[in-house]
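Letter by letter, the chains look like this.
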Amino acid sequence: LYSDIILSMFKNRAFSGLVFASLSVFLWGITFVSTKYLLRSFSAYEILILRFLLAYAALWILRPKLLSLQDKKSEIYFALAGFSGVTAYQFMENMAISYTSASNVSIIVSICPIFAAIFTQIFLKEKHLTIYFNIGFLLAIFGVALVSFNGVVEFHLNPKGDFLAFLASLCWGIYSLCVSKINSLELDFIQATRRVFFWALIFMIPIGLFSIMTLGTFPVSTPDFKIPGISLLLDSEFNHFRFSNPLNWLNLCFLGLGASAFCFAAWNIACEKLGTVRATVGIYLIPVVTIVFAFFALGEKISFMGAVGAVLTISGLFVSEIKPKENQSRP
């Protein structure tokens, strides 16, 4: 009986879409903690390429079959999605965390839904920028700010890091537009996600070549050594040290298999079932997930400010889902 009920619930597009979106948001909310830990031993670029190499390999194991496109021109959507949503977004977010606080990054990156709404409205003629969407956006962003500070009232601007976080959110808006076009092709989600990762890895190669040519190799044994964001470290002793650390592998596997291979495929499914903009609004909840996870896993306290921010963020999420009366009357 219970299995029949669960099966019928997953046959409902909205319910299954919400499940996949929620799982993605939950896991993405934890990535800030994993990334911050790995930045002690790896550069932002190294985390990026190792994470998506693991993800690409995992998706090949799950679906060992080539993706065939009927319209070869559709390849541009995969290439653009790989560049904007993976290479550019992930790299700039990792770099932003290196230069500024995680609070600043989580606030700025949370404006992704507004860019997704703007781009789909301009290029796909989908009307999302309603009064309720805008009010919900303002409520959610204010809530995200309170959640991110979580009782710490100092706000320190870091132009380089904050600008990188802003560019990252802009890239996610472009990625959302590409996902809408890819989903319209009705392809296998795992194969489609793998193709996006293929192009992302291709675009990562020039960064590595640029790093080797400009930074070269250098000793990493000095106590005050800080890994440059675009570096590719080839020091054998240091590589043995960091790759022999099981916690590094645990975090890399989480980022590669969970937050990338699973989450990107699940996110594409959620976008197909809910609509790209509607699913993207769920990004507001990522900072909320982060502080809740930190509370249970790391023992970090949730302040009154953080709790109010969580309520405001969730309220903004619901307000943005309200449809104007003229849209409610349409079939």
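Going by the structure above, here's the rest.
Residues numbered from 1 in each chain as written. Predicted model: local features only at pLDDT ≥ 70, side-chain atom pairs only at ≥ 80, totals over all residues. Heavy atoms only, no water.

### Side note on the overall build of the protein chain
Part 1 of the argument: Across its full length, the protein chain carries 15 helices and zero strands.
Part 2 of the argument: In the protein chain, which comprises 331 residues, the share counted as buried stands at 50%.
Part 3 of the argument: Of the roughly 16,600 Å² that the protein chain leaves accessible, carbon and sulfur atoms contribute 70%. (Helix = DSSP H or I, 4+ residues; strand = E, 2+ residues; numbered from the N terminus. Buried < 20%, exposed > 50% of the residue type's maximum accessible area, 1.4 Å probe, protein only. Areas by Shrake-Rupley, 256 points an atom, 1.4 Å probe, with all protein chains shown as cover.)

### Examining helix α3 (residues 44-62)
Part 1 of the argument: With 19 residues, α3 should reach 27 Å at 1.5 Å per residue; the first-to-last C-alpha distance of 27 Å fits that figure.
Part 2 of the argument: Restricting attention to buried positions, one finds in α3 the residues Ala44, Tyr45, Glu46, Ile47, Leu48, Ile49, Arg51, Phe52, Ala55, Ala58 and Leu59. (Expected span 1.5 Å × (residues − 1).)

### A word on the packing of helix α6 (residues 112-123) against helix α7 (residues 131-149)
Part 1 of the argument: One way to put it is that α6 packs onto α7 with a least axis distance of 10 Å and a crossing angle of 160°. If you check the angle between α6 and α7, you find them roughly antiparallel. Between α6 and α7 the crossing geometry is left-handed. Here Pro113, Ile114 and Ala117 of α6 lie close against α7, whose contacting residues are Phe133, Asn134 and Phe137.
Part 2 of the argument: In the contact of α6 with α7, the residues fall into five nonpolar, one polar and no charged. (Axes fitted to C-alpha atoms, helices over the stretch in contact; angles between N-to-C directions. Parallel < 35°, antiparallel > 145°, perpendicular 65-115°, else oblique. Left-handed = near helix turned anticlockwise from the far one by under 90°. Contact = heavy atoms within 4.5 Å. Nonpolar A, V, L, I, M, F, W, Y, C, P; charged D, E, K, R; others polar.)

### Observations regarding the side chain of Ser260
Part 1 of the argument: Note on placement: Ser260 falls in helix α11 (residues 246-274).
Part 2 of the argument: Overall, Ser260 belongs to the buried group, its relative accessible area being 0%.
Part 3 of the argument: At a separation of 2.7 Å, a polar atom in the side chain of Ser260 contacts the main-chain carbonyl oxygen of Leu255. (Polar contact = N/O pair within 3.5 Å; in protein donor to acceptor, adjacent residues only side chain to side chain.)

### Considering the packing of aromatic side chains
Each aromatic ring pair is specified by the distance between its two centres and by the angle formed by the two planes.
Part 1 of the argument: Considering all chains together, one arrives at 20 aromatic pairs under this definition.
Part 2 of the argument: With 5.8 Å between their ring centres and 75° between their planes, Phe52 and Phe264 make a pair best called edge-to-face. Note that Phe52 is positioned in helix α3 and Phe264 in helix α11, a separation of 212 residues in sequence. Taken as a pair, Phe52 and Phe264 share a single burial class, namely buried.
Part 3 of the argument: Look at Phe115 and Phe166: their rings are 5.7 Å apart centre to centre, the planes differ by 75°, and that puts the pair in the edge-to-face class. Of the two residues, Phe115 sits in helix α6 while Phe166 sits in helix α8 (residues 159-183), which places them 51 residues apart along the sequence.
Part 4 of the argument: Residue class for Phe166 comes out partly exposed when judged on its relative accessible area of 34%. (Phe/Tyr/Trp six-rings, centres within 6.5 Å; stacked < 30°, edge-to-face > 60°.)

### Describing unusual backbone geometry
Among all residues save glycine, negative phi is the norm, and among peptide bonds the norm is trans.
Part 1 of the argument: The backbone of Glu186 sits at a positive phi, close to 55°, despite the residue not being glycine.
Part 2 of the argument: The topology assignment puts Glu186 in the loop between α8 and α9 (189-214).
Part 3 of the argument: Its relative accessible area of 71% is what places Glu186 among the exposed residues.

### Concerning the environment of Phe264
Part 1 of the argument: A residue is classified by how much of its surface remains accessible, and Phe264, at 1% relative accessible area, is buried.
Part 2 of the argument: Separated by 70 residues in sequence, Phe264 and Arg194 place their C-alpha atoms 9.4 Å apart.
Part 3 of the argument: If near-sequence neighbours (up to four positions away) are discounted, Phe264 is found in contact with Trp28, Arg51, Phe52, Gly85, Val86, Gln90, Trp172, Tyr175, Thr193, Phe197 and Ala259.

### A few points about the pattern of salt bridges
Part 1 of the argument: Tallying each qualifying case throughout the model produces three salt bridges.
Part 2 of the argument: Where Arg242 meets Glu46, a salt bridge forms, and the shortest distance between an N and an O atom there is 2.8 Å. Of the two residues, Arg242 is situated in helix α10 (residues 236-243) and Glu46 in helix α3; the sequence distance between them amounts to 196 residues. The pair formed by Arg242 and Glu46 is uniform in burial state, with each residue classed as buried.
Part 3 of the argument: Across the pair Arg195 and Glu75 runs a salt bridge whose closest N-O atoms are separated by 2.7 Å. One end of the pair, Arg195, is in helix α9; the other, Glu75, is in helix α4 (residues 75-99), and 120 residues separate them in sequence.
Part 4 of the argument: Residue Arg195 is classed as buried on the basis of its relative accessible area of 17%. (Salt bridge = Lys/Arg side-chain N within 4 Å of Asp/Glu carboxyl O.)

### Brief notes about the packing of α7 against helix α14 (residues 304-320)
Part 1 of the argument: The contact between α7 and α14 brings their axes to 7 Å, and the two run at 160°. Taken together, α7 and α14 sit at an angle that is classed as roughly antiparallel. α14 is crossed by α7, and the crossing has left-handed handedness. From α7, Tyr132, Phe133, Ile135, Gly136, Leu139, Ala140, Phe142, Gly143, Val144, Leu146, Val147 and Phe149 reach across to α14, where they touch Met305, Gly306, Val308, Gly309, Ala310, Leu312, Thr313, Gly316, Val319 and Ser320.
Part 2 of the argument: A breakdown of the residues in the contact of α7 with α14 according to their chemical character gives 15 nonpolar, seven polar and no charged.

### As for a nonpolar patch on the surface
Part 1 of the argument: Taken together, the side chains of Phe198, Ile202, Ile205, Leu209, Phe210 and Met213 define a hydrophobic patch exposed on the protein surface, amounting to about 590 Å² of accessible area.
Part 2 of the argument: Looking at the element boundaries, Ile202 is found in helix α9. (Patch = residues over 30% accessible without salt bridge, like charges linked within 9 Å, V, L, I, M, F, W, Y side chains within 5 Å.)

### With respect to α10
Part 1 of the argument: Buried residues of α10: Phe238, Asn239 and Arg242, and no others. Along the axis of α10, the buried positions cluster into a sector of 100°, meaning they face one direction only. Of the exposed residues in α10, the ones pointing more than 90 degrees away from its buried face are Ser236, Glu237, His240 and Phe241. (Arc of directions from axis to C-beta.)

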